[in-house]
Amino acid sequence: AGVGRTEPPLNPGRFTATVVRTSREVSTQQAATVLNVSRPTVVKLIDDGVLTSRKVGSHRRITLADLLAYRDDMIARRRAVLDQMSRDAEELGLYD
């Protein structure tokens, strides 16, 4: 009965999402793109021990999970600093 039958879309006319399987590791250039920084900055983060990586030949690979965790932490720290700056400016009456 159900063989060869096509089901209608769940939400006709609505946005859909596509799930794509991606690599669990990224290159330093791909990491730089995700972080919106230069590739040498990513290399420096690796050399300073901020990001972990492994070598594949002469290339460095960063786990996607580590990269996204670093990105999320960086965003949270930036947001906290900006919130503090706003509070300081408000206390000083700079918004009046």
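Structure's up top.
Residues numbered from 1 in each chain as written. Predicted model: local features only at pLDDT ≥ 70, side-chain atom pairs only at ≥ 80, totals over all residues. Heavy atoms only, no water.

A.B. asks: Tell me about the pattern of salt bridges, and name the residues and values.
C.D. replies: Where charged atoms from two side chains of opposite charge come close, those side chains can pair. Using the criterion set out here, one finds five salt bridges in the structure. The partner of glutamate 25 in a salt bridge is arginine 54, with the nearest N and O atoms 2.6 Å apart. Residue glutamate 25 is found in strand E1 (residues 25–27), and its partner arginine 54 is found in strand E2 (residues 54–56); the two are separated by 29 residues along the sequence. Classification of glutamate 25 by relative accessible area gives partly exposed; the value is 22%. (Salt bridge = Lys/Arg side-chain N within 4 Å of Asp/Glu carboxyl O. Helix = DSSP H or I, 4+ residues; strand = E, 2+ residues; numbered from the N terminus. Buried < 20%, exposed > 50% of the residue type's maximum accessible area, 1.4 Å probe, protein only.)

A.B. asks: Report on helix H2 (residues 39–47), specifying residues and quantitative values.
C.D. replies: Residues of H2 that are buried: Val42, Val43, Leu45 and Ile46. Within H2, the buried residues cover an arc of 160° as seen down the axis, which keeps them to one side. With respect to the buried face of H2, the exposed residues turned more than 90 degrees away are Pro40 and Asp47. Elements in contact with the buried residues of H2: helix H1 (28–35), strand E3 (59–63) and helix H3 (64–91). Once H2 ends, the next one or two residues include glycine 49, with phi positive near 85°. (Arc of directions from axis to C-beta. Contact = heavy atoms within 4.5 Å.)

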